[in-house]
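Letter by letter, the chains look like this.
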Amino acid sequence: MAKSIPAIVTPEVLQWARNLHQFSIEEISQKVKVSNEKILAWEQGEEYPTLNQAKKLAKQYRVPFAYFYLPSIPQKTKRLEKVDYRTFGNCGPDEISREFRWFLRDIEDRRDTMIELYKESELPIHHFSDKLPINITPEQFSNHLRNLLGLTAEKQIRFRKADVALSYCISKLEENDFLIFEAAKISPREMRGVSIAYECFPIIALNRKDEQSARLFTLCHELVHILTRTSGICNDMEQEASQNDIELYCNKVAGLTLVPTKDLKANKNILLIRQYGFDDTYVEAIARDFAVSREVILHRLWSIGLIEKSKYFETLRRYSDEYIAYKRKKAKRGFLPPALDKGTQVGKLYAKTVLFAYHADRITPRETSSYLLGLHVKHFGAVERWCY
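Everything numeric in this text was worked out from a predicted model, so none of it was measured. (Residues numbered from 1 in each chain as written. Predicted model: local features only at pLDDT ≥ 70, side-chain atom pairs only at ≥ 80, totals over all residues. Heavy atoms only, no water.)

Enquirer: With reference to specific residues and values, describe helix H4 (residues 51-61).
Expert: The α-helix advances 3.6 residues per turn, and as a result positions three or four apart in sequence lie on the same side. Listed in full, the buried residues belonging to H4 are Ala54, Leu57, Ala58 and Tyr61. End-on, the buried residues of H4 take up no more than an arc of 100°, which puts them together on one face. Opposite the buried face of H4, at more than 90 degrees from it, the exposed residues are Asn52 and Lys59. Looking at the buried side of H4, the elements it contacts are helix H1 (11-20), helix H2 (25-32), helix H3 (36-43) and helix H5 (98-120). Within two residues after H4, arginine 62 carries a phi angle of roughly 60°, on the positive side. (Buried < 20%, exposed > 50% of the residue type's maximum accessible area, 1.4 Å probe, protein only. Helix = DSSP H or I, 4+ residues; strand = E, 2+ residues; numbered from the N terminus. Arc of directions from axis to C-beta. Contact = heavy atoms within 4.5 Å.)

Here you go:
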């Protein structure tokens, strides 16, 4: 029987990689199917893993296999600054999951890739200098966002559905070199959106497991964080005493951006509510006119004084219960086609840049596949069609 080839790796790098995302020795030994003592022996330099074992470790730790051969711990580590993330119910978790940590690192890596590919392709890197102070009124801020997104009442009435409105807003931001990503494996209870306010290639990430209307609101919420260069974790909206003022401000601006007061008051269903009283039918009709969720319209009705605070929270809880019941009954969707699956995760701007470099022979098919989350070469054409 042929002897397994040892991987002459650097022990301290093995230990660094395991601790990077807080794997215990017991946990990783189970995943690699070796004893705890064997993991310790590798990390102390007493033994070496085989090539196959080392590759399994790299896959579990989500680090390049080549890192294990470095003479010392890699010096280039990511430090996320100016980060905001929204959660389900605006309640931040005590600590983030390993999957979320990987996602944060991955989106930073994609931005690094964008910068490298732009430089190699000699493409101009534009700086997003648009910045607004937090002390202007939410109405002023929302007017600015509507201009940035090119939103008008006439345009919104043609959307009808939140997915159409979301695609439109994402495309407008990508025209300004925003990187818009989607998380596919993280629960909305942990993260609904992420924003990282870089001067060039600012990042907004949404959660694919959220409804399209929720993603649209999150996009606008995180856009406020980008323009104000602020960060923070959202709290429960019902806990007003402890609510972070920035989060309340971002929510208010997002609501006004999607549903301006003047346009809301001019909606024919507002007159019907004034005449006949509150009814879900009217709320749903207004939501369609603005291509947003019932929850957004409900909050806007409260903000213009058409319903009382108690009515707002009572109805909001009912809507939440209805949504949970709907999710339980809703049949699970089938798998997305590979091109659409990977494409929506990395966004059109990023995918276009990677494919441009591929066609210009600046990166290999293998590198292109790696940049596109392991997408097979045969699907490159489908991603390109989706992009354009």
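Enquirer: Which residues make up the pattern of salt bridges, and what values do they have?
Expert: Inspection of every chain in the model, using the stated rule, returns 17 salt bridges. A salt bridge links arginine 98 to glutamate 27, with the shortest nitrogen-to-oxygen separation between them at 2.8 Å. You can see arginine 98 sitting in helix H5 and its partner glutamate 27 sitting in helix H2, a full 71 residues away along the chain. Overall, glutamate 27 belongs to the partly exposed group, its relative accessible area being 27%. Note that arginine 215 is salt-bridged to glutamate 182, the shortest N-O span being 3.1 Å. Within this pair, whereas arginine 215 is found in helix H9 (residues 212-228), its partner glutamate 182 is found in strand S2 (residues 179-183), the two being separated by 33 residues in sequence. Here arginine 215 falls in the buried class, since its relative accessible area comes to 6%. Here glutamate 182 falls in the buried class, since its relative accessible area comes to 10%. Within the structure, one salt-bridge network assembled from shared partners comprises Glu182, Arg208, Arg215, Asp341 and Lys342. (Salt bridge = Lys/Arg side-chain N within 4 Å of Asp/Glu carboxyl O.)

Enquirer: Got a sec to walk through the side chain of asparagine 267? Specific residues and values, please.
Expert: Residue placement: asparagine 267 occurs in the loop between helix H11 (261-266) and helix H12 (268-276). Sequence-distant contacts of asparagine 267, that is, excluding residues within four places in its chain, are made with Ile286, Asp289 and Phe290.

Enquirer: I'd like a description of the packing of aromatic side chains, backed by residues and values.
Expert: In total, this model carries 12 aromatic pairs according to the counting rule given. Considering the side-chain rings of tyrosine 323 and tyrosine 326, the 6.2 Å spacing of their centres and the 40° angle between planes classify their relative orientation as tilted. A residue pair is termed a helical-turn pair when its members lie 3 or 4 positions apart in one helix, as tyrosine 323 and tyrosine 326 do in helix H15 (residues 309-329) at three residues. By relative accessible area, which is 23% here, tyrosine 323 ends up partly exposed. Under the relative-accessibility criterion, tyrosine 326 is labelled partly exposed at 39%. (Phe/Tyr/Trp six-rings, centres within 6.5 Å; stacked < 30°, edge-to-face > 60°.)

Enquirer: Go over unusual backbone geometry with me, naming the residues and quoting the values.
Expert: Even without being a glycine, glutamate 122 presents a positive backbone phi close to 55°. If you trace the backbone, glutamate 122 turns up in the loop between H5 and helix H6 (138-149). Located in the positive-phi region is aspartate 177, a residue other than glycine, with phi close to 65°. Mapping aspartate 177 onto the fold places it in the loop between helix H8 (162-174) and S2. Judged by its relative accessible area of 7%, aspartate 177 is buried.

Enquirer: Describe the environment of alanine 357, naming the residues involved and giving the relevant values.
Expert: Along the chain, the position of alanine 357 falls in helix H17 (residues 348-359). For alanine 357, a relative accessible area of 0% translates into the label buried. Put simply, alanine 357 and threonine 368 are 11 residues apart on the chain and 8.5 Å apart in space, counted from C-alpha to C-alpha. If sequence neighbours within four positions are ignored, alanine 357 has contacts with Leu117, Arg362 and Ile363.

Enquirer: With reference to specific residues and values, describe H1.
Expert: Looking only at H1, the buried set comprises Val13, Leu14, Trp16, Ala17 and Arg18. Buried residues along H1 sit in contact with H2, H3 and H4. Where H1 ends, the next residue or the one after it, glutamine 22, has phi of about 60°, a positive value.

Enquirer: Break down a nonpolar patch on the surface for me, with residues and values.
Expert: A cluster of nonpolar side chains, namely Ile8, Tyr48 and Tyr69, defines an oily patch on the protein surface of about 300 Å² accessible area. In this structure, tyrosine 69 sits in the loop between H4 and strand S1 (83-86). Taking relative accessible area as the criterion, tyrosine 69 reaches 38% and is therefore assigned partly exposed. (Patch = residues over 30% accessible without salt bridge, like charges linked within 9 Å, V, L, I, M, F, W, Y side chains within 5 Å. Areas by Shrake-Rupley, 256 points an atom, 1.4 Å probe, with all protein chains shown as cover.)

Enquirer: Mind laying out the nonpolar core, listing which residues take part and the relevant values?
Expert: Residues Leu173, Ile204, Leu219, Leu223, Leu227 and Ile297 are the most contacted members of the largest nonpolar core, which totals 54 residues. A per-element tally of this core places H9 first, with eight residues. Those residues in contact with isoleucine 204 that lie beyond four places of it in its chain are Leu173, Phe178, Leu179, Ile180, Phe181, Val194, Ser195, Leu219, Glu222, Leu223 and Ile226. Membership of the second largest hydrophobic core comes to 33 residues, among which are Ile196, Ala205, Tyr350 and Ala351. (Core = buried A, V, L, I, M, F, W, Y, C linked by side-chain atoms within 4.5 Å.)

Honestly, that's just the spatial picture; any functional story needs more than this.
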